[in-house]
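# Structural overview
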Amino acid sequence: MSYKENILNKYFFAAKNERVEIPFDEINKLLNSINAQNLSLNHFHAKTIINLKYLIMTSTLITTLVAGIYFFNIQNEPAISDTLHQPDISAVETFTINKNQNKKTFTILDKSISNQKTYVKPEKPVISSINITQQTEPEINKFESITQLIITQNDTAKNSNDTLIKRKTYKNQSNNSKHIASDATLNVNINVKNESNDYAEKRNGYDKIFDFNFNNYKWAMVLVDHKCGFIDTTGKEIIKPVYKIIGHFGEYKENWAWVLMNKKIGFIDTSGREIVKPVYDAINYFDEYKEGWALIKKNKRYGFIDTTGYEIVSPVYKHIYNFGEYKEDWALIRLGKKYGFINTTGNEIVKPVYQSIGNFDEYKENWALIVKDKKFGFIDISGNEIVAPIYDQIYNIGEFKDNWMKVKKNGKELFIDSNGEEVF
Amino acid sequence: MDSKTKQKEFMLLYEVIHTSFIKYCKAKSYGIMDYKDLVNESVLRAFEKFERLQKKDSFAAYIYSIASNIIKNELRRKKISRLPDNYIIDVKQLTENHAIQKFEIEILYKALHKLPEKQKEAIILFEISGYSIKEIAEIQKSGISAIKQRLKRGRQKLSELLYVPVVMKEEKRQPLKVLLMLFF
């Protein structure tokens, strides 16, 4: 049975064995009640309709009344304030910074967040460092200036590296009062970090917490903004709620569960560590191609990861064929339209430069035919080009003389010997 | 027919299919209406016109077609042509315990709704309600080969639809044979 079939059956199994929530007796009771009231079904419907009629009439009346009161209030209200027309700002952070000696970077002295409410969202970026790349105003005397950056992030600036920053520079005066020395908008480079360690501490409850009965672990699934994670019985976040879906632990590998984030798949383990970052489009089961390896797919290219999560073969190949098909411990690979081999250590034993590769031992023991630029040659079992692909045609070995192979090159016929050397 | 006798007879026939019928209703009504409403309404309608059922053997076909019609009417009423494209379940919809198990079932239900009506029904009856191909042929009033075809195609499409984080193996390649044919 194929893998797909297995998965499908798993789903069917779950649906088939789901507990039936309507007991048989309930149906009997339903019919009993119909019989007891001696109602025909039509009568039953008619009665419902009459009730509905009253319901609709009452609700219409109430709706009209509510709407009337609402519009009356609206008309007597003052004009809508201008704040409604302001852009959708999700967070405003104010940094007080000090100019460093090289005059290009700033040290953050103090940080305050003016809009806490909307700040507490996992997908919103948190600024980790600021690096001003372009200055549009004359330099300010370093002894005098304390600069305040007001960073305004709107929803569209999620991953932007170029966020506009309003910069206000206050000049310190002797009597400690400040006045604005300059006010400018700068183009700056901000490194944004999608997750913040501080976030967990700031979080105030979850959207939903499920029971502590997940698998064998005493964990509860928690939801924040439709993302799921896990907490343990002490309330500690074992797995941060950043994943769209978390699979079963142990489905792919013991203590591992697949996770889905931004439509990409990865793995986490029971300690909550991301063993495999969710960057792959698909991951196959382990041991299907080779023991301890799992096929991965990223941008329509294939590779392998091992059981430590290490990318043992980078996903660069268009196809990877089964191990052992051509030679034990070798797997045919295709890169573009060219073929080669990788071995079980993940190295390219034969670089993918050949249009085609034949089976070993077909022409001669331990040799495999190769085709490159429509010319024929041979590789041996160590992956070396024993006969360079320069021949137009190759005939069977021993056809004319033992251990000699007739070949054709540039319209001329000649022999190569068993070491791949041209004889004459 | 006396109403008590009628109910007794009805319940005798219904008892056999109770579990399968509820599973069918659950899968079929997903995203359209509450399955308990569907069960109740189907049973009531089936009971009301029970006298008209000539062949009591075809009770299953009778009640399933009633449920199917109720769904069709509901769809027409609500003008739902099909469910939203996203077949990965929204975590928001999880409201009870055993989230993961429900997950799988709901993913399946969502995917099922992408199949053509007859295919979907055949798959539900065969895989979830546990009917045999012959029985499904009676319920759907089709030939056995047609049911087999529906099941096969339905399964194929479901495999494609169901989100499975897996890479399928490529077909084996046989380049050498072609090469040899060219040479000799």
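These numbers were taken from a predicted model, which means no experiment stands behind them. (Residues numbered from 1 in each chain as written. Chains lettered and ligands numbered in written order. Predicted model: local features only at pLDDT ≥ 70, side-chain atom pairs only at ≥ 80, totals over all residues. Heavy atoms only, no water.)

### Some points on the pairing of strand β23 (residues 356-360) of chain A
All names here are of chain A.
- By the criterion of burial, β23 is predominantly enclosed, with four of the five residues buried.
- Summarising the sheet, β23 and strand β24 (residues 367-372) pair through three bridges and their orientation is antiparallel. Bridge pairing in β24 links Ile357 to Ile370.
- In sequence, β23 turns back onto β24 through a hairpin of six residues, with Asp361 there showing a positive phi of about 65°. (Buried < 20%, exposed > 50% of the residue type's maximum accessible area, 1.4 Å probe, protein only. Helix = DSSP H or I, 4+ residues; strand = E, 2+ residues; numbered from the N terminus. Pairing = 2+ DSSP bridges.)

### Looking at the packing of helix α5 (residues 117-128) of chain B against helix α6 (residues 133-140) of chain B
Residues and elements named next belong to chain B.
- Orientation of α5 relative to α6, taken along the N-to-C sense of each, is 140°, at an axis distance of 10 Å. With respect to α6, the axis of α5 lies oblique. At the point where α5 passes α6, the crossing takes the right-handed sense. Residues Lys118, Glu121, Ala122, Leu125 and Phe126 of α5 form the contact with α6, whose own contacting residues are Ile133, Ile136, Ile139 and Gln140.
- Per-class residue counts for the contact of α5 with α6 are six nonpolar, one polar and two charged. (Axes fitted to C-alpha atoms, helices over the stretch in contact; angles between N-to-C directions. Parallel < 35°, antiparallel > 145°, perpendicular 65-115°, else oblique. Left-handed = near helix turned anticlockwise from the far one by under 90°. Contact = heavy atoms within 4.5 Å. Nonpolar A, V, L, I, M, F, W, Y, C, P; charged D, E, K, R; others polar.)

### Observations concerning the nonpolar core
- Within the largest apolar cluster, 79 residues are counted, with the highest numbers of intra-cluster contacts made by B:Phe10, B:Tyr14, B:Phe21, B:Val39, B:Val43 and B:Leu112.
- At 10 residues, helix α3 (residues 59-78) of chain B tops the list of elements feeding residues into this core.
- What B:Val39 contacts, discounting residues up to four positions off in sequence, is A:Ile22, A:Ile27, B:Tyr14, B:Phe21, B:Ile22 and B:Cys25.
- With 16 residues, the next largest nonpolar core counts A:Met221, A:Cys228, A:Phe249 and A:Ile268 among its residues. (Core = buried A, V, L, I, M, F, W, Y, C linked by side-chain atoms within 4.5 Å.)

### Quick look at the pattern of salt bridges
- On inspection of all chains with the given rule, the structure shows 12 salt bridges over all chains.
- Across the salt bridge formed by A:Glu413 and A:Lys406, the nearest N and O atoms sit 3.3 Å from each other.
- In this structure, B:Lys28 engages B:Glu117 in a salt bridge whose closest nitrogen and oxygen atoms are separated by 2.7 Å. Within this pair, whereas B:Lys28 is found in helix α1 (residues 3-28), its partner B:Glu117 is found in helix α5, the two being separated by 89 residues in sequence. (Salt bridge = Lys/Arg side-chain N within 4 Å of Asp/Glu carboxyl O.)

### Considering the confidence of the model for chain B
Residue and element names in this part refer to chain B.
- Averaged over all residues, the pLDDT of chain B equals 75, while 73% of them reach at least 70.
- Mean pLDDT values over the elements of chain B span from 38, in helix α8 (residues 175-183), up to 90, in α5.
- Low confidence marks residues 80-99, where pLDDT is under 50. Its contacts with residues over four positions away, or in another chain, come to 47 contacts.
- Across residues 164-184, confidence stays below pLDDT 50; counting only partners more than four residues off in sequence or on other chains, it has 57 contacts. (pLDDT = per-residue confidence, 0-100.)

### Here's the deal with the sheet that holds strand β11 (residues 245-246) of chain A
Residue and element names in this part refer to chain A.
- Read across the open sheet, the four strands follow the order β11-β12-β13-β14; overall the sheet is antiparallel. Among the strands making up the open sheet, the edge pair consists of β11 and β14 (274-280).
- Taken together, the three bridges between strand β13 (residues 264-269) and β14 define a ladder with antiparallel strand orientation. Bridge pairing links Ile265 to Tyr280 in β14.

### Focus: a positive patch on the surface
- Side chains of A:Lys300, A:Arg301, A:Lys318 and A:Lys337 sit close together on the surface and give a patch of like positive charge.
- Examined against the element boundaries, A:Lys337 turns out to sit in the loop between β20 (330-335) and β21 (338-343). (Patch = residues over 30% accessible without salt bridge, like charges linked within 9 Å, V, L, I, M, F, W, Y side chains within 5 Å. Areas by Shrake-Rupley, 256 points an atom, 1.4 Å probe, with all protein chains shown as cover. Lys, Arg positive; Asp, Glu negative; His and termini not counted. Charge placed at Lys NZ, Arg CZ, Asp CG, Glu CD.)

### Thoughts on the packing of α1(B) against α5(B)
Residue and element names in this part refer to chain B.
- Closest axis-to-axis distance for the α1/α5 pair is 10 Å, and the angle between their directions is 140°. If you check the angle between α1 and α5, you find them oblique. For the crossing formed where α1 meets α5, the hand is right-handed. Touching Lys23, Tyr24, Ala27 and Lys28 of α1 are Glu117, Lys120, Glu121, Ile124, Leu125 and Ile128, all from α5.
- For the contact of α1 with α5, the class distribution of residues is five nonpolar, no polar and five charged.

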